[in-house]
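# Coordinate inspection notes
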Amino acid sequence: MTSIRKNKLFMAVLYVLVFLMLAEWLTPVIVLTETGHKALFLFFIAAGLLMAFLRAPWWFSGPIKILYILWFIVYVYTGDLFFTGEAISFLRTDFSVNFTALMSQNWAQTTDVFRTVLFFTLLWMAIYLIHYWVSFRLSIFLFYLLTVIFIAVLDTFSPYSGDAAIVRIMVIGLLLAGLLHLARWMEGHRILERTDKLAAFAVPLVLLVAVSTALALYLPKAGPIWPDPVPFFTSFSGQGGAGMGGNVGRIGYGVDDSRLGGSFIGDDTVAFHAEVSEGQYWKVESKDVYTTKGWELTENVDESIFYGNDETVDTGFDPAEEEMDLAILSMEQDFPFVLYPYGTASFFMEESPDYQYSPADQRFETYQNGREFEPEVYEIAFNEPSYSLTALRETSDEDLAELSGDFDRFLQLPDELPERVRDLAAEITAGAETVYDKTRAVERYFSISGFEYSQSDIPVPEADQDYVDQFLFETKRGYCDNFSSSMVVMLRSLNIPARWVKGFNEGELIGTTGEIDTYQVTNNNAHSWVEAYMPGVGWMLFEPTIGFTGAASIDFDLELDAEDPVQPEPEELPLEDNPQTAEEEETAVAAGPSFGDRVADFISKNRWKLIWGLLGVSVAASILFKIRRKWMPKLLVSYYRKSGGGSGQFEKAYLRLLKQLDLYGIHRNPGQTLKSYAAYIDSFFGTREMTELTEAYERAVYGDNAESVDWLELRESWENLINRTSG
């Protein structure tokens, strides 16, 4: 008779299922962190499981894995396929940098290479643990449960969609758990592990899982009563909005805009503080390729330009010819770039980095000694540009036709764009004569046509839907990305060059010193807007989002006729994406915060304390549960002393003693009588107390003579035995 673990085919199936389960762990990590080279990570997992399956010795498998990790680092970070002299020098230098950072406990100075090594180490540990669970314990339930929780949490609280992943995990997990249970059962019953017997048990399991999955997928299903808990929780703090539908992400500055749509939850994490004479829009970058689902960037448009401290930069927005204003930004989050207001002339910071300006996206990335650098404090000299209304009123369609080919990428539109988007843009601007008037007409359209600003209950376009078309004609509900993308697309349909811009709005004014205001800018202030090109004038900022009034400064250098459209006075920029009227704010202040608001505020302010507290309680509870054999007897003795006498109490105490003996490690065999078990207990401890207790229990239960049991006399023997189990 041989163990089922020696059946190579059966174990190979288990390891394949384990690989598929680990892949489900890896996929969301790759997606959410925007990490590349997923195939290479999967190859490492597959190779590790293969060596574990083949029982390769550690002195063979260990060096192979280390060499693979080193090769991965060389290939990904240097582009070399082999260990060249330059690659080895890179490894040596990076090791020195990380070793110095670790010795000085300067964790922020560790490099991406070090983080990659840590990630591989985590994968290595996971492979070893799962190999141990499968090959030695024949149990995978804990890992299966953690996988389900992991995907469910990410699906609920992150932009990752686990709809398909959770189905795959359930199928893989049920098969894996079922096969392992089969293995334990066959070993426990000493059944021969012949292939025909394995098939006889395994085939029904596979069919059952397959049929159950098919029924679950194709039978009609009722909609969820509580589709997404995140907006419900955040509604207590005013961040969640009214709806609970659609995919939910967390608001803040991001890089990947190729798939827009879905709801957002608020995030008041501070991004930076700005000391400036008045509030500004803080630009990060722009994108120019609309894909029907989001925005991407045309690569390699022009060569990057490098600037140093106090060098005059060219952003395409010339500062006004006046004395420069000064802005000081103190970063609370790590960004490898600088944010800048319109009319920026130069940057300055003590670290003297290189400012790499990309004309493709107007983004200033910061580098120091060839590595990405994340500024902490820097100064910006700027002066907002001002535009002549006279020049703007002279812009014409004929001027647009004379623009050079450099503007073609700002007119790009996908062939799949629905024609009704173009028709709507033409209808909105039918009465406008100049390019500027057409642009302003599109900008004003959203505020007068029944559109609604909201971060919740925002759908994601289906595969055959256009993001802008869905917003303009179906939902008319969205946030800044919806409004700004729609304006850019409609302007381009009118042959007006336009680009989509990302950054932060001015934030919340928290203090004033003399003429300098201090603004606190959080992730809630992440924003997108529009830049459109006015021929003969230049690029200008436009703000289509309802509730926001950021706009370029206009020099009214002509007398307006009564029939001319009046330029509205700029209003104060709202401090949050979900603005309130003054009357609503007064009502809210008068009413005071609700109980839900106070609870949400307490959780927000103390979330890390609560998390660490819960973690500490969980660890303490786990330790207490693990050592319950030591402290449980004292608790039981105290309880049964206070509970009085009686045969009923004796019966409960005797059964509790049996459980405690089993927990101690003296197990009662299947079919073993209480009398035989009591004799074994007495021989183990060198007493006759268990036999006495057992005889009394049998008289009370089986002899129908409960009155003959004197619990007060027997309690001393019971206490002696149960105290022995704490040793």
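The structure contained in this document is the topic of the report that follows.

Rules and cut-offs
Residues numbered from 1 in each chain as written. Predicted model: local features only at pLDDT ≥ 70, side-chain atom pairs only at ≥ 80, totals over all residues. Heavy atoms only, no water. Pairing = 2+ DSSP bridges. Helix = DSSP H or I, 4+ residues; strand = E, 2+ residues; numbered from the N terminus. Axes fitted to C-alpha atoms, helices over the stretch in contact; angles between N-to-C directions. Contact = heavy atoms within 4.5 Å. Expected span 1.5 Å × (residues − 1). Buried < 20%, exposed > 50% of the residue type's maximum accessible area, 1.4 Å probe, protein only. Arc of directions from axis to C-beta. 1 Å grid on protein atoms, 1.4 Å probe; cavity = no way out; pocket = protein on both sides within 12 Å on 5 of 7 lines; lining within 4 Å. Points joined across faces, edges and corners; volume = space filled by probe spheres on them. Nonpolar A, V, L, I, M, F, W, Y, C, P; charged D, E, K, R; others polar. Core = buried A, V, L, I, M, F, W, Y, C linked by side-chain atoms within 4.5 Å. Parallel < 35°, antiparallel > 145°, perpendicular 65-115°, else oblique. Left-handed = near helix turned anticlockwise from the far one by under 90°. Phe/Tyr/Trp six-rings, centres within 6.5 Å; stacked < 30°, edge-to-face > 60°. Lys NZ or Arg CZ within 6 Å of the ring centre and 35° of its normal. Patch = residues over 30% accessible without salt bridge, like charges linked within 9 Å, V, L, I, M, F, W, Y side chains within 5 Å. Areas by Shrake-Rupley, 256 points an atom, 1.4 Å probe, with all protein chains shown as cover. Salt bridge = Lys/Arg side-chain N within 4 Å of Asp/Glu carboxyl O. Lys, Arg positive; Asp, Glu negative; His and termini not counted. Charge placed at Lys NZ, Arg CZ, Asp CG, Glu CD.

What follows concerns the sheet that holds strand β4 (residues 282-287). Strand order in this open sheet of 4 strands is β4-β18-β21-β22, and the pairing throughout is antiparallel. The sheet is open, and its two edges are formed by β4 and β22 (538-542), each paired on a single side. Within this sheet the neighbouring strands show an average axis-to-axis angle of 35 degrees, counted without direction. Relative to β22, strand β21 (residues 526-534) runs antiparallel, the two being bridged by 5 bridges. Among the inter-strand pairings, Tyr533 is bridged to a residue of β22, identified as Trp539. Set on the sheet, helix α15 (residues 480-493) makes contact with β4, β18 (498-504), β21 and β22; between it and β21 the angle comes to about 15 degrees.

Helix length check: helix α4 (residues 85-103) (19 residues) gives 27 Å between terminal C-alpha atoms against 27 Å at 1.5 Å per residue, within 8%. For α4, the set of buried residues is Ala87, Leu91, Asp94, Asn98 and Ala101. One side of α4 holds all its buried residues, which, seen down the axis, span an arc of 100 degrees. What points out from α4, more than 90 degrees from its buried face, is the exposed set Gly85, Arg92 and Met103. Packed against the buried residues of α4 are α3 (58-78), α5 (112-137) and β13 (371-372). Looking at the residues trailing α4, positive phi occurs at Gln105, about 60 degrees.

Before going further, it helps to examine the pairing of strand β14 (residues 377-382). Of the strand pairs in this sheet, strand β8 (residues 325-331) and β14 are connected by 6 bridges, and their pairing is antiparallel. Bridge pairing in β14 places Ile328 opposite Glu379. Across 4 bridges, strand β10 (residues 344-348) lies against β14 in antiparallel orientation. Across the sheet, Ser346 pairs through a bridge with Ala381, a residue of β14.

With the rule as written, the count across this model stands at 1 cavity of 30 Å³ or more. Approximately 30 Å³ is the volume found for the largest cavity. For the largest cavity, the full set of lining residues is Ile458, Pro459, Tyr467, Gln470, Phe471, Thr475, Arg477 and Asn482. Ranked by residue count, the leading element in the lining of the largest cavity is helix α14 (residues 467-475), at 4 residues. Counted by class, the lining of the largest cavity contains 4 nonpolar, 3 polar and 1 charged residues.

A few words on the nonpolar core. Core analysis: the biggest nonpolar cluster contains 56 residues, and Phe446, Leu472, Met490, Met534 and Met540 have the highest contact counts within it. Elements supplying a minimum of two residues to this core: α10 (389-392), α12 (419-428), α13 (435-445), α14, α15, β18, β21 and β22. Leave out the neighbours within four places in its chain, and Met534 touches Leu392, Thr395, Val435, Tyr436, Thr439, Ile496, Met540 and Phe542. Ile127, Trp133, Tyr160 and Leu176 belong to the second largest nonpolar core, which has 55 residues in total.

Read across the open sheet, the 6 strands follow the order β10-β14-β8-β3-β20-β19; overall the sheet is antiparallel. Looking at the sheet topology across the chains shown, the edges are occupied by β10 and β19 (508-513). Across this sheet, the average inter-strand angle for adjacent strands is 20 degrees, counted without regard to direction.

This paragraph deals with the packing of helix α22 (residues 689-701) against helix α23 (residues 711-724). Look at α22 against α23: their axes get within 9 Å of each other, and the N-to-C directions meet at 130 degrees. Between α22 and α23, the crossing angle belongs to the class labelled oblique. Viewed along their axes, α22 and α23 form a crossing whose handedness is left-handed. Between α22 and α23, the residues in contact are Glu689, Met690, Glu692, Leu693 and Ala696 and Leu714, Ser717, Trp718, Asn720 and Leu721, respectively. Among the residues making up the contact of α22 with α23, the classes are represented as 6 nonpolar, 2 polar and 2 charged.

Across residues other than glycine, the phi torsion is negative in most instances, and most of the peptide bonds are trans. Of note in the backbone geometry, Gln362 takes a positive phi value of approximately 55 degrees without being a glycine. Look at Gln362 and you get buried, because its relative accessible area is 3%. Positive phi outside glycine occurs at Lys476, with the angle close to 50 degrees. Residue placement: Lys476 occurs in the loop between α14 and β17 (477-478). Accessibility expressed as a relative area gives 30% for Lys476, which makes it partly exposed.

Attention shifts here to the packing of aromatic side chains. All chains considered together, the criterion is met by 49 aromatic pairs. Between Trp71 and Tyr75, the ring centres sit 5.2 Å apart and the planes meet at 5 degrees, which makes this aromatic pair stacked. Highlighted residues: Trp71 and Tyr75, both in helix α3, separated by 4 residues, approximately one helical turn. Of the residues examined, Trp71 reaches a relative accessible area of 22% and is grouped as partly exposed. With relative accessibility at 31%, the residue Tyr75 sits in the partly exposed group. The interplanar angle of 65 degrees and the centroid separation of 5.0 Å between the aromatic rings of Phe347 and Phe364 together place this pair among those described as edge-to-face. Of this pair, Phe347 sits in strand β10 while Phe364 sits in strand β12 (residues 363-368), and the two are 17 residues apart along the sequence. With respect to burial, Phe347 and Phe364 carry one shared label: buried. In textbook terms, an aromatic cluster arises when at least three aromatic residues are bridged by ring pairs, as seen for Phe41, Phe43, Phe44, Tyr68, Trp71, Phe72, Tyr75, Phe119 and Phe120. One cation-aromatic arrangement involves Lys476 over Phe451; the distance from NZ or CZ to the ring centre is 5.2 Å.

A contiguous nonpolar patch, built from Trp612, Leu615, Val619, Ile623, Leu624, Ile627, Trp631 and Leu635 and spanning about 770 Å² of accessible area, is present on the exposed surface. Listed by contribution, the elements that provide at least two residues to the nonpolar patch are α18 (607-626) and α19 (628-642). It is α18 that contributes the most residues to the nonpolar patch, 5 residues altogether. Considering the arrangement of structural elements, one finds Trp631 in helix α19.

Turning our attention to the pairing of β18. Summarising burial for β18: 7 of the 7 residues are buried, a large majority. Covered by surrounding structure in β18 are Ala498, Trp500, Lys502 and Phe504 together with Arg499, Val501 and Gly503, the residues of both alternating faces. Pairing between β4 and β18: 5 bridges, direction antiparallel. Note on β18: the bridge partner recorded for Lys283 is Gly503. Relative to β21, β18 runs antiparallel, the two sharing 7 bridges. Bridged to Trp500 within β21 is Val530.

Another aspect to go through is a negative patch on the surface. Residues Asp310, Glu311, Asp334, Glu350, Glu351, Glu372, Glu374, Glu376 and Glu379 make up a contiguous surface patch of negative charge. Assignment of secondary structure puts Glu311 in the loop between β7 (305-307) and β8. Judged by its relative accessible area of 40%, Glu311 is partly exposed.

Right, let's get into helix α7 (residues 163-188). Compared with the 38 Å implied by 1.5 Å per residue over 26 residues, the 38 Å span of α7 between its first and last C-alpha is a close match. Among the residues of α7, those classed as buried are Ala165, Ile169, Ile172, Gly173, Leu175, Leu176, Gly178, Leu179, Leu180, Leu182, Ala183 and Met186. Following α7 by one or two positions, Arg190 adopts a phi angle in the positive range, close to 55 degrees.

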